[in-house]
Amino acid sequence: MKFLEYTNLDRLNVFLGHLNLGERTIKGCLEAYSCKHAGSDKRLSLSLENEMLDYLGKSSDTDSSSPVDLLLSRSSRKALIYLVLTLYQMYPDYDFSAVKAHQFFSEESWDTFKQIFNNYMFEASKEWTEKNEDGSLLEVIYKALDEVVKLAECEIYVYNPNPNADPFLEEGAIWSFCFLFYNRKLKRVAGFRFCCTSNLASDAFLTDSPPYGEDEEIFADMDM
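Model, not experiment: these values are computed from the prediction. (Residues numbered from 1 in each chain as written. Predicted model: local features only at pLDDT ≥ 70, side-chain atom pairs only at ≥ 80, totals over all residues. Heavy atoms only, no water.)

**Some points on the side chain of T25**
The residue T25 is located in strand β3 (residues 24–34) in this model. Here N199 takes part through its side chain, which lies 2.7 Å from a polar atom of the side chain of T25. Setting aside residues no more than four positions away along its own chain, T25 makes contact with H18, L19, N20, C195, C196, T197 and N199. (Helix = DSSP H or I, 4+ residues; strand = E, 2+ residues; numbered from the N terminus. Polar contact = N/O pair within 3.5 Å; in protein donor to acceptor, adjacent residues only side chain to side chain. Contact = heavy atoms within 4.5 Å.)

This is how it looks when you write it as structure tokens:
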């Protein structure tokens, strides 16, 4: 996957990088990738494909919770591989399983994304409107994404894993979302992750941490 640079995405990332709202902080990041293989992508793609084929071979037709039907389609498997490769780019230190990831992906519409965005990002949108005069935050995000992936031609996915295995959750996380916008024709994926963390939880974490000097005293008494 090749990272694509877009000025309009960079501008939004500057605003969403660390938006302090008092008791809460909102963070967001928009990234765009070409689906052309780069680096270890080819090897990883083959590994993910084999993982899905192995899963298909072991799955039972009577297993109603199985994603077999969708994985039977080569085009669907290819799309899933691109989505997982995008997650690897966004979080290179996390090991994503293609089959498990499939179970956590759900296809959504722009209206669903818009509703979630308006419900959870209304404070960020208010801050944007006070500082910018070229439209609402959602309108600017729409234009930026449309420039990259042509939203009218996109498949929109939300990645919603088990909270115990969510790479997007941070210390003091209140909520977190990750949307992926995939254009098959252009072979591009745009990712938008945004989350909210509690500043109170972060402050408590810092308060509970021992001062540097105390660490020195602890280690001074240890036989190394």
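**Points about the pairing of strand β6 (residues 173–183)**
Of all the 11 residues making up β6, nine are buried; the element is thus mostly covered by neighbouring parts of the structure. Examined bridge by bridge, strand β5 (residues 155–159) and β6 share four bridges and lie antiparallel to one another. If you follow I156 over to β6, its bridge partner there is F181. For β6 and strand β7 (residues 188–198), the ladder comprises 10 bridges, and the chain directions are antiparallel. Note that in β7 the partner of A173 across the bridge is T197. Following β6, the chain reverses through four residues before pairing antiparallel with β7; K187 in that reversal takes a positive phi of roughly 55 degrees. (Buried < 20%, exposed > 50% of the residue type's maximum accessible area, 1.4 Å probe, protein only. Pairing = 2+ DSSP bridges.)

Fair warning: the whole summary comes from geometry, so function is off the table for now.
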